[in-house]
Amino acid sequence: MYGIFRECWVDLKRYGGLGNGSIWIIVWLLLLISSIYLIVKESDVRKKIIFGVMPLVVVAGFLFPITKKLFVKVAGIDNANTYYRVLWIIPMYVTIAYAFTKLIASLNSTVKKRTAVGVAAVVIIITGSCVYANEHVYMAENIYHLPQNVIDICDKIKPTEDEGIVRAVFSPELVYFVRQYDPNILMPFGRDYVDHDYYTGVFKVMKEEEIETQELLYYTRVDLDRYIILPADKKLDEDITMYDAKLVGTIDGYNIFEDILISENREEERDDYVNARMNVYGE
């Protein structure tokens, strides 16, 4: 149970911004203080429950190991990687903003109000970041506000109605946008792996300056990835088309390879390929 609690605690820190050092502590402290303040000061019962009581109950329940075990069981999933999404139901920033606004409005001095606004501004600056400094923020290319090359690639490989879903491995810089456009395209790693450099075999291979072709195919075939999207200038030690993969298109500098062992349901050949290389690449 303690191990599960530690996992929940790490998820809580990440949700608060663990990548920015100790900022996560400030964010959660602000929520805690705001919720307690609203429980005490808010006269509207509905607002008191939504902004005061509910956030504290959700956080306490999230950290309780039994809650995670029930979540995994009821959701019917093999792992608990999506458990952190329970925290999405907390109106975190609305609660903090509302508490600050209510506090400032309750002050009876202009000087105090201006001081409180100044403190709030400093807190926002410290705990936030300039969105326009993000490398993924640029002039919109289409109505989706997503890179056009990602849309074109997704349209090229999107599954039919009969297929339902398709699995594909994308070059790391593209994974941020794929499922925003088409949730029916599944990937072996997503933005969390890229942002936090989590380990998984296929991601490790995709990051290498020169890819070992058979190692890449080992991992993608274990994951049943039908498509492999690589930059056209990416170096591979062997021609990938020599191993039952075919080039089906090139879009804006990205080659799209289709694994015909997956697309043609040649399961026995796929299994033979994976088993023959398990001792070399298996984990």
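Scroll up a little and you will see the structure.
Residues numbered from 1 in each chain as written. Predicted model: local features only at pLDDT ≥ 70, side-chain atom pairs only at ≥ 80, totals over all residues. Heavy atoms only, no water.

With that settled, consider a negative patch on the surface. On the surface, Glu 141, Asp 152, Asp 155 and Asp 252 cluster together into a negatively charged patch. With respect to the helices, strands and loops of the structure, Asp 252 is situated in the loop between strand E6 (245-251) and strand E7 (254-259). (Patch = residues over 30% accessible without salt bridge, like charges linked within 9 Å, V, L, I, M, F, W, Y side chains within 5 Å. Areas by Shrake-Rupley, 256 points an atom, 1.4 Å probe, with all protein chains shown as cover. Salt bridge = Lys/Arg side-chain N within 4 Å of Asp/Glu carboxyl O. Lys, Arg positive; Asp, Glu negative; His and termini not counted. Charge placed at Lys NZ, Arg CZ, Asp CG, Glu CD. Helix = DSSP H or I, 4+ residues; strand = E, 2+ residues; numbered from the N terminus.)

A few words now on the pairing of strand E4 (residues 227-231). Here E4 lies mainly inside the structure; five of its five residues are buried. Here E4 shows a buried face lined by Tyr 227, Ile 229 and Pro 231 and a second buried face lined by Ile 228 and Leu 230. The pairing of strand E1 (residues 166-169) with E4 spans two bridges and is classified as parallel. Bridging from a neighbouring strand, Ala 168 pairs with Tyr 227 of E4. Pairing geometry for E4 and E7, over five bridges, is antiparallel. Among the inter-strand pairings, Leu 230 is bridged to a residue of E7, identified as Asn 255. (Buried < 20%, exposed > 50% of the residue type's maximum accessible area, 1.4 Å probe, protein only. Pairing = 2+ DSSP bridges.)

Our next topic: the sheet that holds E6. Sheet strands pair via backbone hydrogen bonds, and the direction of the pair is either parallel or antiparallel. Taking strand neighbours across the sheet as the criterion, the five strands line up as E2-E1-E4-E7-E6 in an open arrangement whose pairing is mixed. Only two strands of the sheet have a single partner each, and these edge strands are strand E2 (185-186) and E6. In terms of strand pairing, E1 meets E2 through two bridges, oriented parallel. From the neighbouring strand, Val 166 faces E2, where its bridge partner is Ile 185. Its contacts with the sheet place helix H11 (residues 213-222) against E1, E4 and E7, and it is angled at close to 140° to E4. (Contact = heavy atoms within 4.5 Å. Axes fitted to C-alpha atoms, helices over the stretch in contact; angles between N-to-C directions.)

On the surface, a nonpolar cluster with roughly 1,000 Å² of combined accessible area is contributed by Ile 25, Leu 29, Leu 32, Ile 33, Ile 36, Ile 39, Val 40, Val 45, Ile 49, Ile 50, Val 53 and Val 57. Secondary-structure elements contributing two or more residues to the nonpolar patch are helix H2 (23-41) and helix H3 (45-63). Ranked by residue count, the leading element in the nonpolar patch is H2, at seven residues.

Two elements in contact, H2 and helix H5 (residues 92-106), have axes whose closest approach is 9 Å; the angle formed by their N-to-C orientations is 55°. Between H2 and H5, the angle falls in the class oblique. Crossing of H2 over H5 shows left-handed handedness. Along its contact with H2, which presents Val 27, Trp 28, Leu 30, Leu 31, Ser 34, Ser 35, Tyr 37, Leu 38 and Lys 41, the element H5 presents Met 92, Tyr 93, Thr 95, Ile 96, Tyr 98, Ala 99, Phe 100, Lys 102, Leu 103 and Ser 106. Classifying every residue of the contact of H2 with H5 gives 13 nonpolar, four polar and two charged. (Parallel < 35°, antiparallel > 145°, perpendicular 65-115°, else oblique. Left-handed = near helix turned anticlockwise from the far one by under 90°. Nonpolar A, V, L, I, M, F, W, Y, C, P; charged D, E, K, R; others polar.)

Moving on, we come to the side chain of Glu 258. Within the secondary structure layout, Glu 258 lies in strand E7. By relative accessible area, which is 8% here, Glu 258 ends up buried. For Glu 258, the residues in contact, after removing those within four places along its chain, are Arg 226, Tyr 227, Asp 244, Ala 245, Lys 246, Val 248 and Ser 263.

Where a protein is soluble and globular, its nonpolar side chains tend to be buried together. One finds Phe 170, Leu 216 and Ile 229 to be the most contacted residues of the largest nonpolar core, which totals 41 residues. Where this core is concerned, the elements lending two or more residues are helix H7 (148-157), E1, helix H10 (201-207), H11, E4, E6, E7 and helix H13 (267-281). Sorting elements by how many residues they give to this core places H7 first, with five residues. Once residues lying within four places of it in the same chain are set aside, the contact partners of Ile 229 are Ile 153, Ile 157, Ala 168, Val 169, Phe 170, Ser 171, Leu 174, Met 206, Tyr 254, Asn 255 and Ile 256. Of all hydrophobic cores here, the second largest spans 18 residues; its members include Cys 8, Val 27, Val 59 and Met 92. (Core = buried A, V, L, I, M, F, W, Y, C linked by side-chain atoms within 4.5 Å.)

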